[in-house]
Amino acid sequence: MRRWTAPQTSLPRGFAMEFRLVIQVPLRAIMNTREAYLALHLLDQVGPIRLRRLIEVFGCPQAVLKAPIQSLTRVHGLGPETAQIIADWENRVDLGGELERIRAWPCEWITQEDAQYPPSLREIYDPPAGLYVRGTLHPQDHLGIAVVGSRRASAYGLESARRLCIQLARAQVTVVSGDTGCGKTTQLPQLGELNVIM
């Protein structure tokens, strides 16, 4: 809930106390589409396929988050436990904290409804609800090279990834990396663009 508090004011002489008016506005009433997709993404029980079914039934992610539990349980493949988790999302998801982390990293959260979302990713069976993107995605990036590394990469593997990224960037190829590939091992600002997508 986001809270709005009226400013404190002094009451006329003769009154012994002051009061504050607090109006609580549910997050679900004021969130935008990106924020709603992010809230759903943060629920472990809502993967890409369930999300697609929910959007087909309710039309948009905001409507999913506002839906009563009785309506959620009617969605194919959604049991009562998952429906309860979605209906109770405000108590399970720290949306404000996640938005703050996105600003602090800094990166951007893009969804399937954004023009920057990779077109080829939209075509797979279970595209993710959104992507955390650090860097700038351009139309020509659909021909970029993704470098994905192991979380426990060897020294040889890290060095090989670094060299490969440098050679690709020198050739003006966009390097797209999860935070375990080139994104963690090297920065290439003088050579070309490095996008980190998670």
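This text follows the structure it describes.
Fair warning: this is a prediction, and the values are worked out from it, not measured in the lab.

Trainee: Hey, could you run me through the pairing of strand β4 (residues 130-134) in this one?
Mentor: Residues in a regular strand point their side chains to alternate faces of the sheet. Burial analysis of β4 places 4 of its 5 residues in the buried class, which makes it a mostly covered element. Pairing of strand β3 (residues 108-111) with β4 involves 4 bridges; the strand directions are antiparallel. Pairing of E108 across the sheet is with V133, part of β4.

Trainee: What exactly am I supposed to notice about the nonpolar core here?
Mentor: Across soluble globular proteins, nonpolar side chains have a tendency to be buried as a group. Counting residues in each nonpolar core, the largest one holds 29 residues, and the members touching the most others are L43, L54, L72, I86, W89 and L95. Elements supplying a minimum of two residues to this core: α1 (33-41), α2 (48-58), α3 (61-66), α5 (80-87) and α6 (95-104). The dominant element in this core, judged by the number of residues it contributes, is α1, at 5 residues.

Trainee: Can you walk me through the pattern of salt bridges in this structure?
Mentor: A side chain of one charge can pair with a side chain of the opposite charge when the charged atoms of the two come close. Inspection of every chain in the model, using the stated rule, returns 7 salt bridges. Here E98 makes a salt bridge to R101, at a shortest N to O gap of 3.0 Å. Residue E98 and its partner R101 are both found in helix α6; the two are separated by 3 residues, about one turn of the helix. A relative accessible area of 48% places R101 in the partly exposed class.

Trainee: Honestly, the side chain of E98 in this entry has me stumped. Any pointers?
Mentor: On the basis of relative accessible area, E98 is assigned to the buried category, the value being 12%. A polar contact of 3.0 Å, which involves the side chain of E98, links it to the side chain of R101. Residues within four places of E98 in sequence aside, it is in contact with L38, L42 and Y132.

Trainee: Hey, could you run me through α5 in this one?
Mentor: An α-helix turns once every 3.6 residues. As a result, residues three or four positions apart point the same way. The set of residues buried in α5 consists of T82, A83, I85 and I86. On an axial view of α5, the arc spanned by its buried residues comes to 160°, and they lie on one face. Exposed residues pointing more than 90 degrees away from the buried face of α5 are listed as P80 and E81.

Trainee: Just to check I follow, could you spell out α2 for this structure?
Mentor: For α2, the set of buried residues is L51, L54 and I55. Projected down its long axis, α2 carries its buried residues within an arc of 100°, all on one side. Every exposed residue of α2 that faces more than 90 degrees away from the buried side is listed here: E56 and V57. Packed against the buried residues of α2 are α1, α3, α4 (69-72) and α5. G59, located one to two residues past α2, shows a positive phi value of around 95°.

Reading the values: rules and limits
- Residues numbered from 1 in each chain as written.
- Predicted model: local features only at pLDDT ≥ 70, side-chain atom pairs only at ≥ 80, totals over all residues.
- Heavy atoms only, no water.
- Buried < 20%, exposed > 50% of the residue type's maximum accessible area, 1.4 Å probe, protein only.
- Helix = DSSP H or I, 4+ residues; strand = E, 2+ residues; numbered from the N terminus.
- Pairing = 2+ DSSP bridges.
- Core = buried A, V, L, I, M, F, W, Y, C linked by side-chain atoms within 4.5 Å.
- Salt bridge = Lys/Arg side-chain N within 4 Å of Asp/Glu carboxyl O.
- Polar contact = N/O pair within 3.5 Å; in protein donor to acceptor, adjacent residues only side chain to side chain.
- Contact = heavy atoms within 4.5 Å.
- Arc of directions from axis to C-beta.

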